[in-house]
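Summary of the model geometry
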Amino acid sequence: MIYVCVPVHNEARTVGLVLWKVRQVFTAFQREYQLLVLDDGSTDDTPQVLASYAKVLPMTVVTHTQRGGYARSLEALLRLALQRTDRPKRDCAITLHADFAHSPERMEEMVKHLESGADLVVAEQLEERGEERASRARRLARRWAPRLLRLPGLRDTMSGFLALRLIVLRQALRGEATPLLLMDGWCANAELVARLGRHARRIEIVVAATRYDLAQRPSRVRPWRQLLEAWRARPLFRAARTAVTLLAIATTVRAQSDSARGDSTRRDSAAVTASPPAASVTAPGVVTAPPPAGATPTVVPFAVGERLVYGARYGPFSVGTATMQVAGIDTVRGVETVHFVFLIDGGALWYHIHQNLESWVGRHDFHSRRFLNQTVEKGKSWERRFEIYPDSGFYREAGRDTTMPTVADPLDDAAFLYWIRTVPLEVGKRYEYNRYFRPERNPVIVEVLKRERVGAAGRKWNTIVVRPRIPNGGGIFAEKADARMWLSDDSLRVMIGLQSNFSFGQVTLKLKEIDSPPEHP
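Predicted, not measured: the structure shown is a model, and the values here were computed from it. (Residues numbered from 1 in each chain as written. Predicted model: local features only at pLDDT ≥ 70, side-chain atom pairs only at ≥ 80, totals over all residues. Heavy atoms only, no water.)

Some words on the overall build of the protein
Check the secondary structure of the protein and you find 10 helices and 25 strands. Looking at the protein as a whole, 55% of its 521 residues are labelled buried. Of the contacts formed within the protein by residues at least 6 apart in sequence, a portion of 66% connects residues at least 24 apart. Here the protein displays about 22,800 Å² of accessible surface, and carbon together with sulfur accounts for 49% of that area. (Helix = DSSP H or I, 4+ residues; strand = E, 2+ residues; numbered from the N terminus. Buried < 20%, exposed > 50% of the residue type's maximum accessible area, 1.4 Å probe, protein only. Contact = heavy atoms within 4.5 Å. Areas by Shrake-Rupley, 256 points an atom, 1.4 Å probe, with all protein chains shown as cover.)

Below, the structure written as structure tokens:
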């Protein structure tokens, strides 16, 4: 079902034609639809016009005796659509003005984008017809206001002509005690896009025309007031390009890895074990911690089957998910190994990335043996495979006839996120680890900053906050990134959150779901 939401105030001259045009669009397009119209305290003949069209169209009319404003009317219609649907993942809503500022013909293209997988479609009003009929002040305000409330990848956030999957609206309203839209006019349109965009996995745009030539009444827009409101609201909308954000998230744990699919993953309920790290204080507050070879294996705080799901955010925007999983026990070159899987999936507008990082480490010594990195980005795909030989002290990359030296106890990026959970960490200490499998990137430094209580995955956690950094490396753990990691302050040491700064803003991974095996070792 497609719910076409039309807020109306004193539009007797045009609303009937707009509604009939909607009927023509869906007669030719052959999709099931309903018109939801809200009469916001009209004082002209609008109620009579709506009553006559309600007799021949699949239409519901809601009447407000007192005018509440555009934002209140729009939100009421969207909530009504959500209330009526029983299939929010399939059904959608379209917001449409009743004064012909929007072109109903564009709805067909917008729905097709949703049917192709988009969650939110924005019709950018970049073409203007009959522009000479608009005042100079309005033309200037209409061009400059979207620049003040700019969102990633969008040139026009204020058109108010949207198509959205209703599940996105449900997620945006979840837990909201206050109204969804706190602004009005053009700013309300931008606010709606921002709030929905946080939950949309994929946002797309179409280009539409602003039809000043069809206007039947003077504009109610007060352009200078709209510009002032947009100026005041801009802190809420500051964001860099979402595409760059997603790329940064993807490189968070950029494993330069290799794997072979020949080993069959077997599920094993037995505990994963690893050598404990030996730590020695070499200077006040500094601990050097290379784990000793041949140490007696000890049980680690995770088991096969553990699965952690994270939401990826850039400022106020949700841009994807990440999943960490202890997938199983394999055998690599005769050595029993633990198989870790790290999946990243995100996208918005024209950009999408899917990355599969897999790591195999020795079950009893926690030395990396095999790594895989498979990436699909903007329709292009590539793969890097590595074999690590810790006993012989070298690693090889598939497709390159080279042998490079490695450290005695090698770890890759993804494996390091598990291994750090096994290390005794004391607040106020600074630890150095020479375990990164590429020697030139060592040492990896971890500073234990403080304890903090945070909310994630539906509960409150006592955590320890650490600052991991690789002085000779790049990405999320680079020196200038000033990364922070929150680990649960208990026996499991679950990673609750990960945060890092980039030139374009701050990227955060936060725990959403945790699926632990019935029994932890």
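There is more to say after this.
With respect to the pattern of salt bridges
Opposite charge on two side chains permits them to pair, given that their charged atoms come into close proximity. This model, assessed by the stated rule, comprises 26 salt bridges. Salt-bridge contacts for Arg 79 lead to Glu 75; the nearest nitrogen and oxygen are separated by 2.9 Å. In this pair, Arg 79 and Glu 75 are both assigned in helix α3 (residues 70-84), four residues apart and thus about one turn of the helix distant. On the accessibility criterion, Arg 79 (35% relative accessible area) is partly exposed. Here Arg 438 ties to Glu 440 by a salt bridge, and the two come within 3.1 Å at their closest N and O atoms. Using a relative accessible area of 44% as the deciding quantity, one classes Glu 440 as partly exposed. (Salt bridge = Lys/Arg side-chain N within 4 Å of Asp/Glu carboxyl O.)

So, the confidence of the model for the protein
Per-residue confidence for the protein gives a mean pLDDT of 75, with 70% of residues at or over 70. Predicted confidence is poor over residues 129-133, with pLDDT under 50, and the contacts of this stretch with residues over four places away or in other chains come to 14 contacts. Here residues 236-298 is a poorly scored stretch, pLDDT under 50, and it has 188 contacts once near neighbours within four places are set aside; other chains count. (pLDDT = per-residue confidence, 0-100.)

Some words on the environment of Arg 384
Here Arg 384 shows up in strand β17 (residues 380-389). Taking the C-alpha atoms as reference points, Arg 384 and Phe 371, separated by 13 residues in sequence, lie 8.3 Å from one another. At 2.8 Å, the side chain of Arg 384 and the side chain of Glu 397 are in polar contact. (Polar contact = N/O pair within 3.5 Å; in protein donor to acceptor, adjacent residues only side chain to side chain.)

A short note on the environment of Leu 196
Tracing the backbone through its elements, the reader meets Leu 196 in helix α7 (residues 186-197). For Leu 196 and Asp 119, which are 77 residues apart along the polypeptide, the C-alpha to C-alpha distance reads 9.2 Å. Look past the residues within four positions of Leu 196 in its chain and what remains in contact with it is Leu 120, Leu 164, Val 168, Leu 169 and Ala 172.

Here's the deal with the packing of α3 against helix α6 (residues 166-173)
The N-to-C vectors of α3 and α6 enclose an angle of 110°; their axes lie 10 Å apart at closest approach. Between α3 and α6, the crossing angle belongs to the class labelled roughly perpendicular. With respect to the hand of their crossing, α3 and α6 are arranged in left-handed fashion. Each of Leu 78, Arg 79, Ala 81 and Leu 82 in α3 lies in contact with α6, whose residues at this interface are Leu 166, Leu 169, Arg 170 and Leu 173. Of the residues belonging to the contact of α3 with α6, the class tally is six nonpolar, no polar and two charged. (Axes fitted to C-alpha atoms, helices over the stretch in contact; angles between N-to-C directions. Parallel < 35°, antiparallel > 145°, perpendicular 65-115°, else oblique. Left-handed = near helix turned anticlockwise from the far one by under 90°. Nonpolar A, V, L, I, M, F, W, Y, C, P; charged D, E, K, R; others polar.)

A closer look at the packing of helix α1 (residues 15-29) against helix α2 (residues 46-54)
Across the interface, α1 lies against α2 with an axial gap of 9 Å and an inter-helix angle of 25°. Classified by the angle their axes make, α1 and α2 are roughly parallel. Where α1 crosses over α2, the two elements pack in a sense that is right-handed. Where α1 abuts α2, its residues Val 15, Gly 16, Leu 17, Leu 19 and Trp 20 lie against Val 49, Leu 50 and Tyr 53. Among the residues forming the contact of α1 with α2, the class breakdown is seven nonpolar, one polar and no charged.

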